[in-house]
Amino acid sequence: MSETTATDLRPESYTIPGPPPGGSGSRRSGTPGPTPRSAGFRPDIEGLRAVAVLAVLAFHASLPGLAGGFVGVDVFLVISGYLITGLLVREAVTTGRVRLGEFFSRRARRLLPSAAVVLGAVALAGAWLTVPLRRADLEYDVLAAALSVANWRFVAQQTDYLAAGRDPSPLLHFWSLAVEEQFYLFWAPLLAVLVLLTARAARRGAAVRSVATAVAGAATVGSFALSLHWTHGSVSLAYLGTPSRVWQFGVGALLALLPWHRLPGPRALRVPAGWAGLGAIAWCILRYDATTPYPGYAALVPTLGAAAVILAGTPDRSGAGQAPGTGLGADRLLGLRAPRAVGRLSYNLYLWHWPVLVLAEARLGALGWPAKAALTVAAALPAAAVLRWIEQPLRRNRTVSELPRRGLSLGIAAVIIPVVLALVVGTGTLRLLGPAAPVDMLGLPPGSPDGTSLLARTATPPKGGPVVPDAVQARKDFPPDGECEVAPSATTSPACLFGETGSLDRIVLLGDSHAGQWFSPLLAIAAGRHWALEELVKQGCPLPELTVVNPQLGRTYRECDSWRANSLARLQQGPKPKLVVVSSLNRYTDDQDLLLQAWEKTLAPLRAMGVPIVYLQDTPIPGTDIPACVSGHTDDPAACAFARDGAQWPDPLAAAIAAGRVPGVRSVEVNSVLCPGAGRTCPAVLERILLYRDDAHLTNVAAVVLTPRLERLLTEAGLVPAVTPGGSAGGAAGGAAAGPDGWTQVLRDDFDGPGGSRPSATNWQYDLGTCYPGCPAAQWGTGEIETMTDSTANVRLDGRGALEIVPTLENGRWSSGRIESRRADLAPPPGGVMRIEASIALPDVTGPAAAGYWPAFWTLGSGLRDGYTGWPAIGELDVMENVNGRDSVFGTMHCGTLDGGPCQEPKGLGSGDRACQDCRTGFHSYAVEVDLTPGAEQVRWYLDGREYHRVTAAGMDAATWDRAVHHGLFLILNVAVGGNLPAALGGVPGPATEPGHPMRVDYVAVSTRGGGHS
């Protein structure tokens, strides 16, 4: 197999530790070469900091040939481990203790004020330079950076495949400052404890160094082993995680702890050692790039190179740092005035340069390396200003440095200020964006099965109004398939069956996340035929047999190869499916011949199974964060259109199928509607539907709206059987003879059977969970709090000819039952009447104990089973509803448009309360008649045979009436708990609400009369 490389998401920013302990000391200027050392000061280390920061800055500016500049962070971690450990150990040896308060006070006043200025500036600049959705993310980044947990926030984001495609954070570089602070929050107290344990040793200094060396050595070895493991399992965790970076601090700590000055051997070896170390760092800068597995073994080179430079300048017994008389050491070069000046500025320069680059690109668009280099140079101005007027005055201020608690207070203030700014700006941004509530799928307009329009022409004109989903919702609008889109580390998929799981017939969805985005439409198509849907989908894994590098793992994606082989073997060994739908991102490689060969290897075992295979062509790839863009262009989403040429790549498999070179495989596409016409751009929003949830995947809303189109394509290709408008392949049962009153019974269930058994599986199916298949609307779209189950604790026969639906409460969680008729083709004969009737005893509970009870008998249009969209236009007839144990019932018709319209939605055309004093203590009949007699079309509601409510066709336009009643229906029986309607009438489930009161159903019957029987 040929190997290709997927886009690398390796972090590209690094933080520079602060100035060495004790400040820079007094220096004389004018003479070149190393300056005489004051206590604790190493001018060569200050110059080494300049090498590291310039490397990182050159890397971020994308200077040609310096792609390995990211190794500068490794150099800084070694320097920091050396300087801080040396400071702590010298204090322990000299005074016999480690003053933690003074240690953290020094770090707080040296590092945190400068960082606070940058964080505050970014928080405020983000409000002006970034779009709202990105701004909200940025303020969370400010909080994480201020609290020194930025690395773990970015680990969570960058190891999450579903979060890929977002623009880099202006504060991504704060990850290493967080790593450093977390390490020293552990290391300094640990050294203090070790000092206490060795306080009574005869040779205290030797004892402290020996114990600390043993601990540092063990931590270094263990951390390096963990780094190797994570580098091959999760590159973001290895790169950004504190445990996998400890070993680099440890190398610096060992330099400070071991008696290198006593090592035997000629001092002249220091010169080549120093130059070799500097050369190793330079070699990494020039030779490493984004394809280098990192950190891993590759990080040894710059880490040990930095150690060699530091070691070469370490004074020997005589105090000399280089071979006498030579003056040729690397420390001489590093100790020159220019490198030391850059080294002094390095911390602030690094803090400022990355936000400048990222925010400039957020405002101006992508920049070339000359512009980035210019901006990086410009970042030296605020860096120098902060160094001169904030960092240095605070470090030298006697009032602040006199007492540790003052430095700590300064540090706390430096944390609080950016946190407050982030909360203020973030709160305003969240208010602007609006709530992140789930999308109400029932309110979506119906999709068009053909033509160039996304929506059906009968839908409400899409002009004006907000987009659906909004930008916040779009970010979370994933297919509701749970854990079935398996993560990069998985090698097999779980048993992911949906829909009619007991059916022997199923559709298989196979591929990567671009296949997974079709979960909801295929579930609807399968459910409409009483089939199951099996999902075999893996993130970032090409279905064609290609070997790629996974950006989350940072290495060859071996798990993908194993998963692909396992999935194909599972399909070959199991029962044959009715249809296999394959799809995959088609840009894992730009070698079209290689891609086609890889597809042929994967399709060969599928074709050998002898089942229909359909290739669903890949959708356009915007390549930019669409929800973020739309959040900044709510009045003009057309501004977020993207280039057609870059979005649609050539598809060699589709071309081969069209040419007849891949027998047994059909190809379908929806790109002609997602990117209509022949213009230069593709839309991000089409007919008010926001199409993309990130830079590459469709929103679940867009996929659901495309369901009718996809179903038509599969039906016309002969890949799935057609379904009648009533929702069934067989239509309504029409062979029964009419009774003496002219009524023909087409469905009846008297619920006979043993007590505790389930209702007839021939007549009824369960709704489970908290939403319809595909989860178009959470909490059933009405705010209910119960979970629907198929347990006989919730739905059962009572053994005396009645069905019981019982709400129950266990461990604070409500459960109940909701069943639907399997038949969805229940409809009046043309020009005739259909009567739907049930005998029901309502739950015998009232008052506060009934708060939130919501029993109902109702119908929905059959079209809703094909994706559960199009409500209320598709029609809903509430035969009976009751809430909160009231002594009344009511009937309602829902139709038309979601808000207002001829059916007064969402209220609907209701009867109002119909008094029924004993409906809780005895059975009463509830019925609806749908009368399509020409000239008198109407729907009538009955209680115990007496009409009490009527809706006529004359009360609305003909199109609304036709969409509401001229099709098949399915029946629903349920008892909900809580929800919008009980709450509107004063009933919210609470401690007083009593579980266990069933709605009892004696029978359900459907009959037709007149016209021609269906």
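Refer to the structure presented above.
Residues numbered from 1 in each chain as written. Predicted model: local features only at pLDDT ≥ 70, side-chain atom pairs only at ≥ 80, totals over all residues. Heavy atoms only, no water.

Let us look at the overall build of the protein chain. Within the protein chain one finds 30 helices and 32 strands. A burial count over the protein chain gives 57% of its 1014 residues as buried. By sequence separation, contacts in the protein chain at least 24 residues apart represent 78% of the contacts at least 6 residues apart. For the protein chain, the accessible surface area stands at approximately 39200 Å², while carbon and sulfur atoms represent 58% of it. (Helix = DSSP H or I, 4+ residues; strand = E, 2+ residues; numbered from the N terminus. Buried < 20%, exposed > 50% of the residue type's maximum accessible area, 1.4 Å probe, protein only. Contact = heavy atoms within 4.5 Å. Areas by Shrake-Rupley, 256 points an atom, 1.4 Å probe, with all protein chains shown as cover.)

Turning to the nonpolar core, a few remarks are in order. Counting residues in each nonpolar core, the largest one holds 101 residues, and the members touching the most others are Leu48, Leu88, Leu171, Phe174, Trp187, Tyr294 and Ile310. Residues Leu454, Leu522, Leu579 and Ile689 belong to the second largest nonpolar core, which totals 57 residues. (Core = buried A, V, L, I, M, F, W, Y, C linked by side-chain atoms within 4.5 Å.)

With that settled, the discussion passes to the sheet that holds strand S19 (residues 808-810). Strand order in the open sheet formed by three strands is S16-S20-S19, with mixed pairing between adjacent strands. Lying at the two open borders of the sheet, with one neighbouring strand each, are strand S16 (787-788) and S19. Direction of pairing for S19 relative to strand S20 (residues 813-816): antiparallel, over a ladder of three bridges. Residue threonine 808 lies in a different strand from S20, and its bridge partner there is serine 815. (Pairing = 2+ DSSP bridges.)

Looking now at unusual backbone geometry. Note the cis peptide between tryptophan 871 and proline 872, where omega equals 5 degrees. Mapping proline 872 onto the fold places it in the loop between strand S23 (853-861) and strand S24 (876-881). The step from glutamate 905 to proline 906 runs through a cis peptide bond, and the omega angle for that step is 5 degrees. As for its position among the elements, proline 906 is in the loop between strand S25 (888-894) and strand S26 (909-910). Backbone geometry places serine 148, a non-glycine residue, at a positive phi of 60 degrees. Along the chain, serine 148 falls in the loop between helix H4 (132-146) and helix H5 (150-158). At asparagine 811, a residue that is not glycine, the phi angle is positive and equals roughly 55 degrees.

None of this, on its own, says anything about what the molecule does.
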